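The chain contents come next:
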Amino acid sequence: MVILNRIYTRTGDDGTTSLGDFSRTSKTDPRLVAYADTDEANSAIGIAVAAGALREDVTATLVRVQNDLFDVGADLCAPLRSAYEYPPLRVEAAWIDELEADCDRYNEELEKLRSFILPGGTPGSAHLHLARTIARRAERSAWTALEAYGSDPPPEGADRGVGGVNPLTAKYLNRLSDLLFILARAANLEAGGDVLWQPGGGRAEKP
């Protein structure tokens, strides 16, 4: 159980914050940027759920994803170690398999894509497209953290704050952005389908 009985602490007023292992790091740390972007993606999905008038099954899938994203953030903020007194939450390959199964299931409802589509149509679709782009940014941030820290635990006895990043976090975010694209299309089914891109902005060709 997590108890948050005081929200402000003043401990971050020097531009640093705590990681999951209680070490301090800069608020510009790539690891922190990755889980901050993940949090933003979660918030965008929350708007889609609250304001998008989505189907019940789509909403249930997204609420599961929102819970996953808290765990993705927890994983990103906890440097890999060779051993733990209390093992932290880590993204598992099975979670990515679930996203792929969701992609396949919802994609069966959709017509084959023969054009790029515009974000829009219904409010639910528009919100899901926005969540998709934020998830893509979170994925890029996770890969940036992986480039900075690698994906291996540090030597035994290393200081707190030292350690790699779980690459499954980036893979999860990659597959999530695919799912959000598919769900954004599904959200437009009852409104007539996708809003198609018109090359040249739909302007009439010049003679």
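On a predicted model such as this, the values are computed, not experimentally measured, just so you know. (Residues numbered from 1 in each chain as written. Predicted model: local features only at pLDDT ≥ 70, side-chain atom pairs only at ≥ 80, totals over all residues. Heavy atoms only, no water.)

### Details of the overall build of the protein
For the record, the criterion: Secondary structure is summarised from DSSP: a helix means a run of H or I of at least four residues, a strand means a run of E of at least two, and numbering begins at the N terminus for each. Each residue is placed in one exposure class: buried if its accessible area under a 1.4 Å probe, protein chains only, is under 20% of its type's maximum, exposed if it is over 50%, and partly exposed if it falls in between. Between two residues, a contact is recorded if the distance between any of their heavy atoms is within 4.5 Å. Computed with the Shrake-Rupley method and a 1.4 Å probe, the accessible areas treat only the protein chains shown as cover for residues.
Tallying secondary structure elements over the protein gives five helices and two strands in all. Counting from the amino terminus, helix and strand elements in the protein follow one another as β-β-α-α-α-α-α. Within the span of the protein, comprising 207 residues, buried residues form 39% of the whole. Sequence separation of 24 or more characterises 76% of the internal contacts of the protein that already satisfy a separation of 6 or more. Of the accessible surface of the protein, which amounts to about 12,200 Å², a share of 54% is contributed by carbon and sulfur atoms.

### Things to note about the packing of helix α3 (residues 93-107) against helix α5 (residues 167-186)
As a reminder of what qualifies: Only the stretch in contact is used when fitting a helix axis, every axis being a line fitted to C-alpha atoms; angles between N-to-C directions are given from 0 to 180 degrees. What sets the label is the angle itself: under 35 degrees gives roughly parallel, over 145 gives roughly antiparallel, 65 to 115 gives roughly perpendicular, and the rest give oblique. In this scheme the handedness of a crossing depends on how the near helix is turned from the far one: anticlockwise by less than a right angle means left-handed, clockwise means right-handed. Each residue receives one of three labels: charged for Asp, Glu, Lys and Arg, nonpolar for Ala, Val, Leu, Ile, Met, Phe, Trp, Tyr, Cys and Pro, and polar for the others, Gly being one of them.
With their axes 9 Å apart at the nearest point, α3 and α5 run at an angle of 15° to one another. Put simply, α3 runs roughly parallel to α5. The element α3 and its partner α5 pack so that their crossing is left-handed. Contact with α3, carried on its side by A93, W95, I96, L99, E100, D102, C103, Y106 and N107, involves L168, K171, Y172, R175, L176, D178, L179, I182, L183 and R185 of α5 and no other residues of that element. Looking at the contact of α3 with α5 residue by residue, the class counts come to twelve nonpolar, one polar and six charged.

### Looking at the nonpolar core
We apply this condition: Remark: nonpolar core denotes a set of buried residues (Ala, Val, Leu, Ile, Met, Phe, Trp, Tyr, Cys) joined through side-chain atoms within 4.5 Å.
Judged by nonpolar contacts, the single largest core of 41 residues is most densely connected at Y172 and L176. Mapped onto this core, the elements with two or more residues apiece are α1 (30-51), α2 (56-76), α3, α4 (123-149) and α5. At ten residues, α5 tops the list of elements feeding residues into this core. Apart from the residues within four sequence positions on either side, Y172 is in contact with V65, D68, L69, V72, V91, W95, I96 and L99.

### With respect to the pattern of salt bridges
Selection rule: Think of a salt bridge as a Lys or Arg side-chain nitrogen and an Asp or Glu carboxyl oxygen that are within 4 Å of each other.
Counted under the stated rule, the structure contains twelve salt bridges. The salt bridge partner of R64 is E98, with a shortest N-O separation of 3.9 Å. Taken together, the positions of R64 in helix α2 and E98 in helix α3 put the pair 34 residues apart, joining distant regions of the chain. Exposure remark for E98: the relative accessible area of 38% places this residue in the partly exposed category. Where R90 meets D75, a salt bridge forms, and the shortest distance between an N and an O atom there is 2.6 Å. Here R90, found in the loop between α2 and α3, pairs with D75, found in helix α2; they are 15 residues apart in sequence, far enough to count as distant. When its relative accessible area of 1% is taken as the criterion, D75 is described as buried.

### Things to note about the environment of Y172
Tracing the backbone shows Y172 in helix α5. On the basis of relative accessible area, Y172 is assigned to the buried category, the value being 0%. In this structure the C-alpha to C-alpha distance between Y172 and E139, which are 33 residues apart in sequence, comes to 8.2 Å.

### Looking at the side chain of D37
Residue placement: D37 occurs in helix α1. A relative accessible area of 9% places D37 in the buried class. Discounting residues that sit within four places of it in the chain, D37 has contacts with I134, R137, A138 and S141.

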